[in-house]
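# Observations on the model geometry
Residue strings, one per chain:
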Amino acid sequence: MIIGIPAEIHPGEKRVAASPEVVKKLVDAGFDVVVEPGAGTAASFNDDVFLEAGATIAKDTAQTWSADLVIKVRPPEHNPKLGRHEIELMSEGACLISFLWPAQNQELLQKLAGGKLTALAMDSIPRISRAQKLDALSSMANIGGYRAVIEASNLFGRFFAGQITAAGKVDPAKVLVIGAGVAGLAAIGTARSLGAIVRAFDTRPEVKDQIQSMDAEFLELEFEEDGTGEGGYAKVMSEEFIEAEMALFARQAYEVDIIITTALIPGKPAPKLITNGMVKTMRRGSVIVDLAAEQGGNCEATEPGKVVESQGVYIVGYTDLPSRLAPQASQLYATNIYNLIMEMNPENDGNIVIDMEDDVIRGATVVNSGEITWPPPTIAVGAERKPSFGGQQIEVKDDAKRASAAAKGSSEIARFVKSAWFPVILAGLALFGLGQVAPPSFMAHFTVFVLSCFIGYMVIWNVSPSLHTPLMSVTNAISSIIVLGALTQISSTSTLIFILAGIAAFITCINIVGGFSVTQRMLQMFRG
């Protein structure tokens, strides 16, 4: 199968859909790769490095688009040089992978369907655990959040960090980040690393721990409403909540120096969170960076693609922040694309298979062989906690089932008592019998073992799932103190014991170093 990598024609777009490193991996996987001349030049990848990676440089744009699979960054659009739409350059039955924004581009979906094409949208990758390596939205948002702080610092006329000098005291900048998704967390981490005082707000209460772990202040409303929507995104809030939220932003606008907004709701225009009235209350020289500019902006004064000045406040509405770090953005996006292609290449034979039974592939596929398949079925991203008795869950979906569950409550409790007490009594009798024959030292050690298992279980159960990996890795490292046992036996006169002790010491040392290393890397991710 031939993969085509065309040059991006959208004004100001510098990214390319594949890096030389990824091209080499695709070639090794059995694909033939054709790159349009100059496709990677703006991202610092010239044609020679693609040739060295095993790609072929196409004769022209048309040859690139005639490939079996075309991968790009921006959605296809009209090519002014050729006088044709890019979709019209594709062969019937070919496949396209790019950002498509299907909710806002119904006409584009119709064009793709009309050409009997298959299209996968990188912005529609389901946000589930096993699809994280394909999540291009998060990759680009991470870069956008970082770059937002850099753009703000370029326009802001002071230090971010506070200083005490012979010439006087410099107060640290105060930064407000609205929305603590990937972009927001990246902005928080960057602003904190520059020394600013950072405050953050999000409608989803579960992000509070993440914000505080990055040494930022989480702004809370005295209003109980969960803003978590489908797929982990934010949802539209009630009018009462929005009123309280706007009052909070108005107070913060008066106090802070920099505001970075990232609020987006899938399939809807960006909510207006910063009004012109709030802009007027900000100090002259303050900066607003609107990461939602492409979808209309969170600030009423935002002009997409521009930096405007209003009442002495700079409002940054750039829509190409990831493109301003084109080499890095291209590398990350190319890796996401490669991982998606390999998900569709189960035989590793240089051909892709569109498996509509696969949740990830189904979620990303918006057009399949000329048939529009968007929107995909909803994927449950989290398990709801259901009422249970003795481990037997009772599903309650509506009022009728609630009444039914209440009526059956007494019988469920009775079954619970019967099923729970029997194993407890049996275990107690077994322990009593064991205590009659086992030596006292064994029972003492056994008691410590049972209590440690119970305490360990309760500790893990109450830890946030997002911290399980670093917790388990450091636990793994600490548990490796069994190396002490190996060291006490390594001086044995027995050759067999000496060898076994040496192997045990070697393996546990790897465990210790690896455990702490993984923990450190995971914690660095939380710090941004």
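Keep in mind that what you see is a predicted model, and the values were worked out from it rather than measured. (Residues numbered from 1 in each chain as written. Predicted model: local features only at pLDDT ≥ 70, side-chain atom pairs only at ≥ 80, totals over all residues. Heavy atoms only, no water.)

## A word on the overall build of the protein chain
Per the secondary structure count, the protein chain includes 17 helices and 21 strands. Here the protein chain holds 528 residues, and 40% of them are scored as buried. Contacts in the protein chain between residues far apart in sequence, at least 24 positions, make up 65% of those at least 6 positions apart. When the accessible area of the protein chain is evaluated, it comes to approximately 27,800 Å², of which 58% is carbon and sulfur surface. (Helix = DSSP H or I, 4+ residues; strand = E, 2+ residues; numbered from the N terminus. Buried < 20%, exposed > 50% of the residue type's maximum accessible area, 1.4 Å probe, protein only. Contact = heavy atoms within 4.5 Å. Areas by Shrake-Rupley, 256 points an atom, 1.4 Å probe, with all protein chains shown as cover.)

## Remarks on the nonpolar core
Ranked by internal contacts, the top residues of the largest apolar core, which has 48 residues, are Ile 71, Ile 97, Tyr 333, Leu 340 and Ile 341. Among the secondary structure elements, those contributing two or more residues to this core are β1 (2-5), α1 (20-28), β2 (32-35), β4 (69-71), β7 (95-98), α5 (136-155), α10 (326-343) and α11 (359-364). A total of eight residues in this core trace back to one element, the largest contributor, which is α10. Ignoring sequence-local partners within four residues, the contact set of Leu 340 consists of Ile 97, Leu 120, Met 122, Ile 125, Leu 134 and Ile 361. The next biggest cluster of nonpolar side chains, apart from the first, holds 28 residues, and it includes Phe 156, Ala 173, Ala 180 and Ala 187. (Core = buried A, V, L, I, M, F, W, Y, C linked by side-chain atoms within 4.5 Å.)

## Examining the sheet that holds strand β14 (residues 258-261)
On the basis of which strands lie adjacent, the open sheet formed by seven strands has the order β13-β12-β11-β14-β15-β17-β16 and mixed pairing. The sheet is open, and its two edges are formed by β13 (217-218) and β16 (307-310), each paired on a single side. Bridge analysis of β14 against strand β15 (residues 287-290) gives four bridges, and the strand direction is parallel. Bridging from a neighbouring strand, Ile 260 pairs with Val 289 of β15. (Pairing = 2+ DSSP bridges.)

## Description of the pattern of salt bridges
Applying the stated criterion to the full structure yields 24 salt bridges. With its nearest N and O atoms 3.9 Å apart, the salt bridge here joins Glu 21 to Lys 25. Note that Glu 21 and Lys 25 are positioned in helix α1 at a spacing of four residues, about one turn of the helix. Residue classification places Lys 25 among the partly exposed positions, given a relative accessible area of 36%. Across the salt bridge formed by Asp 257 and Arg 283, the nearest N and O atoms sit 2.9 Å from each other. Of this pair, Asp 257 sits in the loop between α8 (239-255) and β14 while Arg 283 sits in the loop between α9 (276-281) and β15, and the two are 26 residues apart along the sequence. According to the relative accessible area criterion, Arg 283 is partly exposed, its value standing at 40%. (Salt bridge = Lys/Arg side-chain N within 4 Å of Asp/Glu carboxyl O.)

## Considerations on the packing of aromatic side chains
A full pass over the atoms with the stated rule returns six aromatic pairs. Where Phe 99 meets Tyr 333, the ring centres are 5.4 Å apart and the plane angle is 25°; that geometry is what we call stacked. Here Phe 99 is found in the loop between β7 and α4 (106-114), whereas its partner Tyr 333 is found in helix α10, with 234 residues between them in sequence. Per residue, the accessibility class of Phe 99 equals that of Tyr 333, and both read buried. Ring plane angle 85° and centroid distance 5.4 Å describe the contact between Phe 201 and Phe 249, whose orientation is recorded as edge-to-face. Residue Phe 201 is found in strand β12 (residues 197-201), and its partner Phe 249 is found in helix α8; the two are separated by 48 residues along the sequence. The class of Phe 201 is buried, set by a relative accessible area of 3%. (Phe/Tyr/Trp six-rings, centres within 6.5 Å; stacked < 30°, edge-to-face > 60°.)

## Observations regarding helix α6 (residues 182-193)
Between its first and last C-alpha, α6 extends 17 Å over twelve residues, near the 16 Å set by a 1.5 Å rise per residue. Burial analysis of α6 places nine of its twelve residues in the buried class, which makes it a mostly covered element. Inspection of α6 places Ala 183, Gly 184, Leu 185, Ala 186, Ala 187, Ile 188, Gly 189, Thr 190 and Ala 191 among the buried residues, and these make up the whole buried set. Tucked into the core, α6 has its buried residues touching α5, β11 (174-178), β12, α7 (208-213) and β14. Downstream of α6 by a residue or two, Gly 195 has a phi angle that is positive, lying close to 100°. (Expected span 1.5 Å × (residues − 1).)

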